[in-house]
Amino acid sequence: MKLLIEKDYTSLSKKGAEIIAEFVRKKPECVLGLATGSTPLGIYEELIRQHRLGGNAGLDFSKVTTFNLDEYCGLEESNPQSYHYYMRENFFNHVNVRPENINIPNGNSADPHQECIRYEAALEASGGVDLQLLGLGPNGHIGFNEPDEHLILDTHVVGLSQETIEANSRFFVSAEQVPRAAITMGIGSIMKAKKILLVVNGKGKADIVRKIMEERSISPKIPASILHVHPDATILLDSESASALERN
Ligand code: GLP
């Protein structure tokens, strides 16, 4: 896994956006895998800024297809905590991705298992993700693939771990309101992406980053550790999340 360290959140966001923008300019009809959480917010802001440059300089998303990693079960799309809402507010409402090219798992499906099968088939039919943006849970999860005895390959329904419920409760009024389940792309769905960009910031992730980068083993107890065997994965850190790395 290629390691990039930026000074702070601003430069990390610029770097992440630069990698994505360069990719979209080279392959305008690409398939982007998108992530939520607080980490990618600066990247989305910068991509929006680049889109707004207008004319030939403006970053054009009109041919891009997107697939989001995950969505909570049981939240209406209009709920400000849903990932549908997050993506509209923080990205889609401000760029020109065509609505018909946007894919986010439906967490309100009457048959969530069928929804997972549909989503996985849609991913496959798109030709697969070209560039997948990922954040990192403090417990090492990617998407909502939680630490477990084994990792599930395809898009699936997952029960959220206590750690994740607590970590994500900062976005809700209380931990009780955090949904207990979600739909997430599986580890296989993620690993099929041709290129992966894992973005991590802040002191709170320094320990999990150290475990991933220095223990140099792959364990379902740290789902992101599987990225070590991806042929084209990059981990992009700010100096705080990199602060526990030996060489740092
Ligand atoms: C959630 C999402 C993940 C995200 C993680 C980290 O649990 N399902 O995809 O990477 O949070 O979020 P943050 O960037 O806010 O730390």
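Keep in mind that this is a model prediction, so the values were computed, not measured.

Across the six residues of strand β10 (residues 233-238), six count as buried, placing the element largely inside the fold. Neither face of β10 is exposed, since Ala233, Ile235 and Leu237 on one face and Thr234, Leu236 and Asp238 on the opposite face are all buried. Pairing analysis gives five bridges linking strand β1 (residues 2-6) to β10, with the strands arranged parallel. When the sheet's bridge partners are listed, Ile5 is paired in β10 with Leu237. Alignment of strand β9 (residues 195-200) against β10, held across five bridges, turns out to be parallel. Note that in β10 the partner of Val199 across the bridge is Leu236.

The next thing to look at is the sheet that holds β1. Pairing between the strands of a sheet comes from backbone hydrogen bonds, and it takes one of two forms, parallel or antiparallel. Taken together, seven strands build an open sheet; the order of strands is β1-β10-β9-β6-β2-β3-β5 and the sheet is parallel. Of all strands in the sheet, those bounded by a partner on one side alone are β1 and β5 (102-103). Pairing geometry for strand β6 (residues 131-134) and β9, over four bridges, is parallel. Counterpart to Leu133 in the pairing with β9 is Leu197. Helix α1 (residues 9-26) contacts β1, β2 (31-34), β6, β9 and β10 of the sheet and is inclined by roughly 165° relative to β9.

Our next topic: the pattern of salt bridges. Pairs may arise between side chains of opposite charge once their charged atoms sit close together. Using the criterion set out here, one finds 13 salt bridges in the structure. For Arg49, the salt bridge is made with Glu46, and the minimal N-O distance between the two is 2.9 Å. Placement of both Arg49 and Glu46 in helix α2 (residues 41-51) is noted, with a separation of three residues, approximately one turn of the helix. Taking relative accessible area as the criterion, Glu46 reaches 10% and is therefore assigned buried. The partner of Asp130 in a salt bridge is Lys194, and the shortest N-O contact between them spans 3.3 Å. Placement of the pair is Asp130 in the loop between α4 (112-125) and β6 and Lys194 in the loop between α6 (187-191) and β9, with a sequence separation of 64 residues. A residue is classified by how much of its surface remains accessible, and Asp130, at 4% relative accessible area, is buried. Several salt bridges share partner residues, and in doing so they unite Lys27, Asp130 and Lys194 into one network.

Turning our attention to the side chain of Glu46. Of note is the side chain of Glu46, whose polar atom sits 2.9 Å from the side chain of Arg49. Filtering out sequence-adjacent residues up to four positions away, Glu46 remains in contact with Ser13, Lys14 and Ala17.

As a further point, take α4. Taking 1.5 Å of rise per residue, 14 residues should cover 20 Å, and α4 covers 20 Å from first to last C-alpha, within 8% of that figure. Among all positions of α4, only Glu115, Cys116, Tyr119, Glu120 and Leu123 are buried. In an axial view of α4, the angular spread of the buried residues amounts to 135°, which keeps them on one side of the axis. Among the exposed residues of α4, those pointing more than 90 degrees away from its buried face are Ile117, Glu124 and Ala125. Turning to α4, the residues buried within the fold contact β3 (65-68), β5, β7 (156-159), β8 (181-184) and α6. Once α4 ends, the next one or two residues include Gly127, with phi positive near 95°.

On to the side chain of Glu146. Looking at where Glu146 falls in the secondary structure, it is placed in the loop between β6 and β7. For the buried Glu146, which has no salt bridge, the nearest side chain bearing the opposite charge is Arg180, at an N-O separation of 11 Å. Only 3.1 Å separates the side chain of Glu146 from the side chain of Asn139, close enough to count as a polar contact. Within the local environment of Glu146, its side chain forms a polar contact with the side chain of Thr164, the two groups lying 2.7 Å apart. Every residue in contact with Glu146, bar those within four places of it in the chain, is listed here: Asn139, His141, Leu151, Val158, Gly159, Leu160, Ser161, Thr164, Pro220 and Pro223.

With respect to the helices and strands, the residue Glu45 is situated in helix α2. Taking the relative accessible area as the measure of exposure, Glu45 reaches 59% and is therefore exposed. Sequence separation between Glu45 and Lys14 is 31 residues, and the spatial gap between their C-alpha atoms is 9.3 Å.

Conventions adopted
Residues numbered from 1 in each chain as written. Predicted model: local features only at pLDDT ≥ 70, side-chain atom pairs only at ≥ 80, totals over all residues. Heavy atoms only, no water. Buried < 20%, exposed > 50% of the residue type's maximum accessible area, 1.4 Å probe, protein only. Helix = DSSP H or I, 4+ residues; strand = E, 2+ residues; numbered from the N terminus. Pairing = 2+ DSSP bridges. Contact = heavy atoms within 4.5 Å. Axes fitted to C-alpha atoms, helices over the stretch in contact; angles between N-to-C directions. Salt bridge = Lys/Arg side-chain N within 4 Å of Asp/Glu carboxyl O. Polar contact = N/O pair within 3.5 Å; in protein donor to acceptor, adjacent residues only side chain to side chain. Expected span 1.5 Å × (residues − 1). Arc of directions from axis to C-beta. Lys, Arg positive; Asp, Glu negative; His and termini not counted.

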